[in-house]
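Architecture at a glance
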Amino acid sequence: MTAKNLKGSIVALITPFHEDGSVNFEKLAQLVDFHLENGTDGLLILGTTGESSAMSHEEDDAVCEFVVKRVAGRVPVIAGSGSNCTQTMLEKSLSFEKLGADALLLITPYYNKTNEEGMYNHFKTVADAVHIPCILYNVPGRTGCGISEDVVRRLSTHPNIMGIKEASGNLSYTAKIARYVNEDFALYSGNDDMVLPILSLGGSGVISVLANILPRQTHDMVMDYLNGDRDKALQAQLGLLDVINGLFLEVNPIPVKEAMNQMGMEVGGYRQPLGPMGEAAKAKLAAALKAAGLV
């Protein structure tokens, strides 16, 4: 399965845990099947929403291998191999490629940050070494550093870089980098509340937290827009805003896991330093889910 030219809804999949904190592979299988049955166009595993930063490399490999086998080529599997250490990101990328991932999501070097040339080479090092396509991930609110327009321009011509997940929330920046979108370099929304604005700038879809609970609706919203039914897509985007906002009342993925548990999906808790959702926020989330008919 190739990830090139992927369009639609790519779920940023949560990692379910047992009560003892270990990965719940039985539940993970159920979640994969749930998405395959409900129109999700691709699976992103081991991203921010998947809590990879609190998991061991051995657990990451086990999750990647398991999901790849469960999906069995039916949709692309994208593995988050990012790290603030370029060498670590390279090693994880090579490992996930060997385990059968169809593409990689590469994040900016959080904490240590870098200069322009360092940022360019951080991504180029991996893209040069692997044989599966790479997606850049721009989320400065989490990492403390972003990918400049010029570095995006340079990387957009790399034959092994297929696109960028844009989650800065800055539409002015998004419009600037949208100038580099072409048949070999795609733009994906990294914010569920900005899917349509980014599609209007030439985006191909969303890498979505919302899709964990509403896979069919997220897929349909994107494809309605891409297929020309923009009014229907707009109504879907606006109609989902209260649920989307509920999923970000606290740091992701705390609210989405809480929502899934409230909906009876039993995905377990979190890895530290994440903790249970506060009672006030939990009540607001429950109200949003109830209003949407989800609980």
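Below is a short write-up of the structure. Because the structure is a prediction, the values reported are computed rather than measured.

1. Let's talk about the packing of aromatic side chains
Inspection of the entire model under this criterion finds one aromatic pair. Positioned above the aromatic ring of Tyr120, the side-chain terminus of Arg154 is 3.8 Å from the ring centre.

2. Some words on the packing of helix 9 (residues 215-226) against helix 10 (residues 230-239)
Axis separation between helix 9 and helix 10 bottoms out at 7 Å; the angle between their running directions is 150°. When the axis of helix 9 is compared with that of helix 10, the two are roughly antiparallel. The two elements helix 9 and helix 10 meet at a crossing, and its hand is left-handed. Between helix 9, through Met221, Asp224 and Tyr225, and helix 10, the contact on the second element is made entirely by Arg230, Lys232, Ala233, Ala236 and Gln237. Considering only residue class, the contact of helix 9 with helix 10 consists of four nonpolar, one polar and three charged.

3. Comments concerning the packing of helix 1 (residues 25-37) against helix 2 (residues 57-71)
Two measures define how a pair of helices packs: the angle their axes make with one another and the distance between the axes. Relative orientation of the contacting elements helix 1 and helix 2 amounts to 40°, with a least axis distance of 10 Å. Comparing their axes, helix 2 and helix 1 come out oblique. Taken as a pair, helix 1 and helix 2 cross one another with a handedness that is right-handed. Taking contact as the criterion, the partners of Phe25, Leu28, Ala29, Val32, Asp33 and Leu36 in helix 1 are, on helix 2, Ala62, Val63, Phe66, Val67, Arg70 and Val71. Each residue belonging to the contact of helix 1 with helix 2 can be placed in one class, and the counts come to 10 nonpolar, no polar and two charged.

4. What to know about unusual backbone geometry
Note that the residue after Asn252, namely Pro253, is joined by a cis bond; omega there is 10°. Turning to its location among the elements, Pro253 is positioned in the loop between helix 11 (241-246) and helix 12 (254-262). A positive phi angle, near 55°, is found at Ala72, a position not held by glycine. With respect to the helices and strands, Ala72 occurs in the loop between helix 2 and strand 3 (77-80). A positive phi angle is found at Tyr111, which is not glycine, with a value near 70°. By the secondary structure assignment, Tyr111 is in the loop between strand 4 (103-107) and helix 4 (116-129).

About the criteria used
- Residues numbered from 1 in each chain as written.
- Predicted model: local features only at pLDDT ≥ 70, side-chain atom pairs only at ≥ 80, totals over all residues.
- Heavy atoms only, no water.
- Phe/Tyr/Trp six-rings, centres within 6.5 Å; stacked < 30°, edge-to-face > 60°.
- Lys NZ or Arg CZ within 6 Å of the ring centre and 35° of its normal.
- Axes fitted to C-alpha atoms, helices over the stretch in contact; angles between N-to-C directions.
- Helix = DSSP H or I, 4+ residues; strand = E, 2+ residues; numbered from the N terminus.
- Parallel < 35°, antiparallel > 145°, perpendicular 65-115°, else oblique.
- Left-handed = near helix turned anticlockwise from the far one by under 90°.
- Contact = heavy atoms within 4.5 Å.
- Nonpolar A, V, L, I, M, F, W, Y, C, P; charged D, E, K, R; others polar.

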